[in-house]
Each structure stands twice: as C-alpha cells, then as structure tokens.
Amino acid sequence: MERVRNIVILTGAGVSAESGIDTFRSAGGLWEQHRVEDVATPEGFARDPELVLRFYDMRREAIQQKRPNPAHDALARLDATWDGELLLVTQNVDDLHERAGAANVLHMHGEHLNAWCTACDVRSAWTGPLINRPPCPECGESALRPDVVWFGEMPYQMERIYAALAECDLFVSIGTSGAVYPAAGFVREAKANGARTLELNLEPSQGSRWFDETRLGPASELVPVWVDEVLGE
Ligand code: BJW
C-alpha cells in the first residue's frame, strides 16, 4: 500500500444487497422476475413504456426507504481521508454511496433519482413517479424517461473512467458479477496499465481470474476490513 496513490473502485449491486436492494443476477434477483429485453433496453421501452416506467417507479420509490450499510460507510470514510486520487465508479443507480457521504462518485449506469427529458435533453432531479407522464420541469414536454443506461446505450463518462484507469495503482471491484461490459473489462484495462487488482465479492465473479487477489464474503464485512488495512488502522 505504500506505493499506492491513485485508486479506482468499481461497485455493483452486491454492495447494496445488504441494504435490501435486489441484485440482478442472483437467485430471486431482478432478472429472474423481469425479462431484460422488456425492461432494460430502448426497444423494450419503445414497445411498452408503461411496463418500463412502472418497473422503475417501483424501484425509485423502494430505494428511498433504504439505508447505506457498513460497506457504503467504509468507502465514504476512505473517500474522505485518502490522500491520493480516488474515483468511486458505481454501476448502481441507487444513491447509497452519496447518502453514506462519498463525494467522488461516478454513476456510469445513471441514477434512479434523475429523470431525462428526451425532448430537451435536460436531466432533472426526480423522486416521484413517471408513469403519469409528468411535464419536464425545463421544457414542459411529457417526454421524461428514467435516467438509466440500458443495454445497447453508452454508459456515462467513459473518457473520465478510462483516464482514471490509466493512472491508477490499485483497482478494486466490489459486489459485481462481471457480466456486463464495459465495466467487466475495467480489471484488464487497469492491469494492462500496471495496477494491482483486488476483488471483494460474495462469490468469484466471471472475471475473477484477472484479479491479483480475490476475497470472498459479504461486502458489509469485507469492505470495512479492507478500508482499515488501506488506511493503516
Ligand atoms: C454480493 C453480495 C454481498 C451479492 N456482498 N457481494 C457481447 C460481448 C460483450 C459485450 C456485449 C455483448 N453483447 C452486448 C454487449 C454489450 C452489453 C453487455 O455487456 N451485454 C452482456 C450481457 C454481455 N453492454 C452494454 O450494452 C452497455 N453499453 C455498451 O456496451 O455500449 C457500447 C460501448 C462500447 C465500448 C465502450 C463503452 C461502451 C450498457 C450496459 C447497461 C447495463 N444496464 C443495467 C441496467 C441499469 C439500470 C437498472 O438498474 O435497471 O445495469 S443491466 C444491470 O447489470 C445494471 C447493473 O449495473 C449491471 C451489472 O450488474 P451487477 O452490479 O454486476 O449485479 P449482478 O446482480 O450481476 O451481480 C451482483 C454481484 O454481487 C454477484 O456477483 C453477487 O455474488 C454479489 N453479491 N450479494 C458482496 N452481500
């Protein structure tokens, strides 16, 4: 750790699982209850917008009742105290990293608590439902959609992420299955740039072999221990 200055952390649904937010691919996860093609693609939205808006309205309401868990708290502590560069890239659309107090968070798959107007292209903070087709606060058109990245769409701020991956000494992946690209490729990108790589997950991810070290267990236990190690506590 003495040589580590720049850290990139990638989080996935597993970091929020112990806060009571469903993961996607675990038994009983969201993709067992809904067809991905129906609720997480632009084509699905065009086919049946009501189904998609209802799916996201339900989840937007649910996340507002959830609380950060010790994994979010520990990452916020690291973010607040780390001397070097730290970028927390999350695939999650919940706001639990921010609510735990983390500042350097990048939501590559968007945010539940934003709505995106496809008429004027402005994103607005949004906590209520979209199913009733409310007007955009900016332009007044009823063209709001969830501000999330569906399959076939470009994840957000990729240039900034790849720049951070090029500079990092340590890449840590927490609670993600490694099933979805481009996030699943970050470990190889960081490794090719000379970073050390660590995975913290309940089970080995699909890209587990690319990591220098894998620690298995619940994020609420593994993450605080790792953060203590990094901070020398
Ligand atoms: C715990 C735990 C606990 C549980 N403690 N751990 C063929 C090959 C390669 C790529 C493609 C391909 N065909 C198509 C593609 C591209 C496609 C893709 O990857 N498809 C795959 C299915 C193959 N990707 C895209 O389309 C992306 N866009 C794109 O590629 O643009 C082009 C581009 C090119 C080059 C550069 C850049 C861009 C867009 C992907 C959008 C993903 N969107 C979703 C929905 C977001 C909105 C919503 O929330 O509904 O994002 S899908 C869903 O999966 C969500 C997640 O962010 C994402 C990742 O899931 P995650 O977080 O890994 O969750 P799980 O459930 O899979 O895993 C949880 C893990 O936690 C498990 O391992 C558990 O064990 C663990 N866990 N409890 C610790 N307590």
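These figures come from a predicted structure and were not determined experimentally. (Residues numbered from 1 in each chain as written. Predicted model: local features only at pLDDT ≥ 70, side-chain atom pairs only at ≥ 80, totals over all residues. Heavy atoms only, no water.)

1. Description of the overall build of the chain
Logical step 1: Helix and strand counts for the chain stand at ten helices and nine strands.
Logical step 2: In terms of C-alpha radius of gyration, the chain reaches 18 Å, essentially the compact-globule figure of 17 Å for 233 residues.
Logical step 3: Viewed in the frame of its principal axes, the chain has a C-alpha envelope of about 55 × 35 × 30 Å.
Logical step 4: Within the chain, the fraction of its 233 residues that count as buried is 51%.
Logical step 5: Considering only intrachain contacts with a sequence separation of at least 6, the fraction spanning at least 24 residues in the chain is 64%. (Helix = DSSP H or I, 4+ residues; strand = E, 2+ residues; numbered from the N terminus. Rg over C-alpha atoms; globule rule 2.2 N^0.38 Å. Buried < 20%, exposed > 50% of the residue type's maximum accessible area, 1.4 Å probe, protein only. Contact = heavy atoms within 4.5 Å.)

2. Here we look at the UniProt feature "binding site: Zn(2+)" (unreviewed entry) in the chain
Logical step 1: The residues that UniProt annotates with the feature "binding site: Zn(2+)" (unreviewed entry) are Cys-117, Cys-120, Cys-136 and Cys-139. The greatest C-alpha distance among the annotated residues, which extend across 23 residues, is 8.6 Å, indicating that they converge on a single site.
Logical step 2: With near-sequence residues (within four places) excluded, Cys-117 lies in contact with Val-122, Cys-136, Cys-139, Ala-143 and Leu-144.
Logical step 3: As for its placement among the helices and strands, Cys-139 is situated in the loop between β5 (123-125) and β6 (144-148). (UniProt positions renumbered as here; feature names shortened; annotations may be inferred.)

3. Quick notes on the nonpolar core
Logical step 1: Within the largest apolar cluster, 25 residues are counted, with the highest numbers of intra-cluster contacts made by Ile-9, Leu-75, Ile-174, Val-223 and Trp-226.
Logical step 2: If we ignore the near neighbours within four places in the chain, the residues touching Leu-75 are Ile-9, Thr-11, Val-15, Leu-88, His-97, Ile-174, Val-223, Trp-226 and Val-227. (Core = buried A, V, L, I, M, F, W, Y, C linked by side-chain atoms within 4.5 Å.)

4. A short note on the sheet that holds β6
Logical step 1: Strand order across the open sheet formed by three strands is β5-β4-β6, with antiparallel pairing between neighbours. This sheet does not close on itself; its edge strands, each paired only once, are β5 and β6. Looking at each pair of strands side by side, their axes are set apart by 45 degrees on average, direction ignored.
Logical step 2: Of the strand pairs in this sheet, strand β4 (residues 110-117) and β5 are connected by three bridges, and their pairing is antiparallel. Paired with Asn-114 across the strands is Ala-125, a residue of β5. (Pairing = 2+ DSSP bridges. Axes fitted to C-alpha atoms, helices over the stretch in contact; angles between N-to-C directions.)

5. Examining empty space enclosed by the protein
Logical step 1: Applying the stated criterion across every chain yields a total of one cavity of 30 Å³ or more.
Logical step 2: One number sums up the size of the largest cavity: a volume of about 110 Å³.
Logical step 3: What lines the largest cavity is a set of 14 residues, and nearest its centre among them are Ser-173, Gly-178, Ala-183, Ala-184 and Phe-211.
Logical step 4: For the lining of the largest cavity, a count of residues per class yields eight nonpolar, six polar and no charged. (1 Å grid on protein atoms, 1.4 Å probe; cavity = no way out; pocket = protein on both sides within 12 Å on 5 of 7 lines; lining within 4 Å. Points joined across faces, edges and corners; volume = space filled by probe spheres on them. Nonpolar A, V, L, I, M, F, W, Y, C, P; charged D, E, K, R; others polar.)

6. Focus on the layout of surface pockets
Logical step 1: Of the pockets and cavities examined, the largest pocket occupies roughly 880 Å³.
Logical step 2: Lining the largest pocket are 42 residues, with Ala-13, Phe-24, Arg-25, Thr-176 and Ser-177 sitting closest to its centre.
Logical step 3: Classifying every residue of the lining of the largest pocket gives 22 nonpolar, 15 polar and five charged.

7. Details of the site of the ligand
Logical step 1: The full set close to the ligand counts 35 residues, and Arg-25, Arg-59, Thr-176, Ser-177 and Tyr-181 are the nearest of them.
Logical step 2: At 2.8 Å from an oxygen atom of the ligand is found a main-chain nitrogen or oxygen belonging to Ala-13.
Logical step 3: Within the side chain of Asn-201, a nitrogen or oxygen atom sits 2.9 Å from an oxygen atom of the ligand.
Logical step 4: Calculation on the ligand without its partners gives an accessible area of 1500 Å², and the protein chains cover 76% of this total.
Logical step 5: With respect to the pocket detection grid, the ligand is positioned in the largest pocket.
Logical step 6: Every element with two or more residues in the shell around the ligand is listed here: α1 (14-17) and α5 (49-63).
Logical step 7: Taken together, the residues of the shell around the ligand break down into 19 nonpolar, eleven polar and five charged.
Logical step 8: Residue-level mapping places the shell around the ligand at the junction of two domains, with at least three residues from each of domain 1 (1-21 + 68-109 + 155-232) and domain 2 (22-65 + 111-148). (Near = heavy atom within 4 Å. Polar contact = N/O pair within 3.5 Å; in protein donor to acceptor, adjacent residues only side chain to side chain. Areas by Shrake-Rupley, 256 points an atom, 1.4 Å probe, with all protein chains shown as cover. Sits in = over half its atoms within 2 Å of the grid points. Domains from an automatic or database assignment.)

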